[in-house]
Amino acid sequence: MGKPRRIRRILKWTGVGLCILTLGVYWASGHWHAIWLNQKRTFYVRIGDGVIALIHSYSRLPTEDGWVWVRVTGAKTGFDRYDWGFSNGDIAGKMQYIRVPLWLPLLLVAIPTAFIFWRDHRFIPPGHCNECGYNLTSNVSGICPECGTTW
Ligand SMILES: [Zn+2]
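Residues numbered from 1 in each chain as written. Predicted model: local features only at pLDDT ≥ 70, side-chain atom pairs only at ≥ 80, totals over all residues.

(A) Representation of the overall build of the protein within the structure. For the protein, the count of helices and strands is 3 helices and 6 strands. The helix and strand sequence of the protein, counted from the amino end, reads α-β-β-β-β-β-α-β-α. Considering only residue pairs separated by 6 or more positions, the protein has 53% of its internal contacts joining residues 24 or more positions apart. (Helix = DSSP H or I, 4+ residues; strand = E, 2+ residues; numbered from the N terminus. Contact = placed C-beta atoms within 7 Å.)

(B) A look at unusual backbone geometry. Residue Arg41 is not a glycine yet carries a positive backbone phi of 60°. Considering the arrangement of structural elements, one finds Arg41 in the loop between strand E1 (32-37) and strand E2 (43-48). Under the C-beta neighbour-count criterion, Arg41 is labelled partly exposed, with 15 such atoms within 10 Å. The backbone of Asp49 shows a phi angle near 55°, a positive value even though the residue is not glycine. Within the secondary structure layout, Asp49 lies in the loop between E2 and strand E3 (51-57). We classify Asp49 as buried; it has 20 C-beta atoms within 10 Å. (Buried ≥ 20, exposed ≤ 12 C-beta atoms within 10 Å, placed from the backbone.)

(C) Representation of the environment of Ala114. Along the polypeptide, Ala114 turns up in helix H3 (residues 103-121). In this structure Ala114 comes out as partly exposed when scored by C-beta crowding, with 14 C-beta atoms within 10 Å. In this structure, the C-alpha to C-alpha distance between Ala114 and Val16, residues 98 residues apart in sequence, is 8.9 Å.

(D) Spatial organisation of the environment of His128. Considering the arrangement of structural elements, one finds His128 in the segment after H3. The exposure class of His128 is partly exposed, given the 17 C-beta atoms found within 10 Å. Sequence-wise, His128 and Trp151 are 23 residues apart; in three dimensions their C-alpha atoms are separated by 9.6 Å. Sequence-distant contacts of His128, that is, excluding residues within four places in its chain, are made with Gly133, Tyr134, Asn135 and Leu136.

Here's what the structure looks like:
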């Protein structure tokens, strides 16, 4: 058990946790919209329909600051799966916003996590290093010459 393995294990399960969390938020955003408005009422974060949006308004917004939860009822508009982008003057130059669909951070976490899983679960024949797969036949030092893992 070398150090890289322990780090990979932490990364792996952090990745899985983040994926589950993002999926949960993704799912929930189809039922509730969460909006957080700052005290000046000029900046807000909106999570809804599978999209996270950061919005800056040049004028104060008429709603209250803090968290607002909106239950989505009736006809659903569906998930804005491909609705992402950046605007620097939306609605007659009154707002700036960044919209990112939640599957994007999900993918960014899921791909490296899956890669670490694949790396750890590939078949390593007996007599080879568990870390890097190097052939350790006739190795007597107990230390892999390729990656330095003790075995
Ligand atoms: Zn090795």
